[in-house]
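Chains, contacts and geometry: an overview
Single-letter residue listing:
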Amino acid sequence: MADADDLLRDAVSAFADRDDCSWAGVFFVEGDELVLGPHAGEPEPERRVTVPVVWRDTRVAELAADGAVDLARLTEVATEIADLCLVGWDTSGEEWEP
């Protein structure tokens, strides 16, 4: 069985592989900052959309995607990965290991 880190990597890779997306990533909430976690693809920040990842009424991350991404699908994925984001929620400033 895959661990949460692998599942998050798979989720952003699958999104980045879509025709309407060039890059996808998860930014974990750490205090007042967002820290980049797993990501895949070629970034185009000027085309980025983000949605909150919420676990039990608490924003634990932001799911971001670059491209002509369907916002409804991005929101669905954010809901699907909320439990997984708890693993990386507090990385204590440590870089996410690819």
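Residues numbered from 1 in each chain as written. Predicted model: local features only at pLDDT ≥ 70, side-chain atom pairs only at ≥ 80, totals over all residues. Heavy atoms only, no water.

1. Some details on the packing of aromatic side chains
Heads up, the condition is: Only Phe, Tyr and Trp rings take part, Trp by its six-membered ring, and two of them pair if their centres are within 6.5 Å. Stacked means planes under 30 degrees apart, edge-to-face means over 60, and tilted covers everything else. Exposure categories follow from relative accessible area, calculated using a 1.4 Å probe and restricted to protein chains: below 20% of the type maximum is buried, above 50% is exposed, and the middle band is partly exposed. Charge-over-ring placement is defined geometrically: NZ (Lys) or CZ (Arg) within 6 Å of the ring centre, and within 35 degrees of the ring normal.
Here the structure, examined in full by the defined rule, presents one aromatic pair. Ring plane angle 50 degrees and centroid distance 6.2 Å describe the contact between tryptophan 23 and phenylalanine 27, whose orientation is recorded as tilted. We note that tryptophan 23, like phenylalanine 27, is buried. Over the face of the ring belonging to tryptophan 23 we find arginine 48, whose NZ or CZ atom lies 4.0 Å from the ring centre.

2. Points about the sheet that holds strand β2 (residues 33-41)
Condition: A pair of strands counts as paired when DSSP detects no fewer than two bridges linking them. A helix here means a DSSP run of H or I that spans at least four residues, while a strand means a run of E at least two residues long, and both kinds are numbered starting from the N terminus. Between the N-to-C directions of two axes lies an angle of 0 to 180 degrees, each axis being a line fitted to C-alpha atoms and, for a helix, fitted only over the stretch in contact. When checking whether two residues touch, look at their non-hydrogen atoms; a contact exists if any pair is within 4.5 Å.
Strand order in this open sheet of four strands is β2-β1-β4-β3, and the pairing throughout is antiparallel. Across the chains shown, the open sheet's two edge strands, defined by having one partner strand only, are β2 and β3 (48-55). Here the average twist between neighbouring strands, direction ignored, is 25 degrees. Taken strand by strand, helix α1 (residues 4-16) contacts β1 (21-30), β2 and β4 (58-67), and its axis lies near 145 degrees from that of β1. Running over the sheet, helix α2 (residues 71-80) touches β3 and β4 and is turned about 30 degrees from β3.

3. Regarding the pairing of β3
In regular strands, side chains alternate between the two faces of the sheet. Two strands pair when backbone bridges link them, and β3 and β4 are joined in this way by eight bridges, in the antiparallel orientation. Bridging across to β4, valine 51 finds its partner in leucine 63. Where β3 folds back onto β4 in an antiparallel hairpin, the turn is made up of two residues, including arginine 56, whose phi is positive at roughly 50 degrees.

4. Some remarks on the side chain of glutamate 62
Take glutamate 62: it is sitting in strand β4. Residue class for glutamate 62 comes out buried when judged on its relative accessible area of 9%. Filtering out sequence-adjacent residues up to four positions away, glutamate 62 remains in contact with Gly25, Val26, Phe27, Leu34, Thr50, Val51, Pro52 and Val53.

5. Overview of the confidence of the model for the protein
The line we're drawing: For every residue, the predictor states its confidence as a pLDDT score lying anywhere from 0 to 100.
When pLDDT is averaged along the protein, the result is 87; 86% of the residues meet or exceed 70. When mean pLDDT is taken per element in the protein, β3 scores highest with 96 and helix α3 (residues 82-88) scores lowest with 80. Scored below 50 in pLDDT, residues 89-93 shows 12 contacts in the model against residues more than four places distant or in partner chains.

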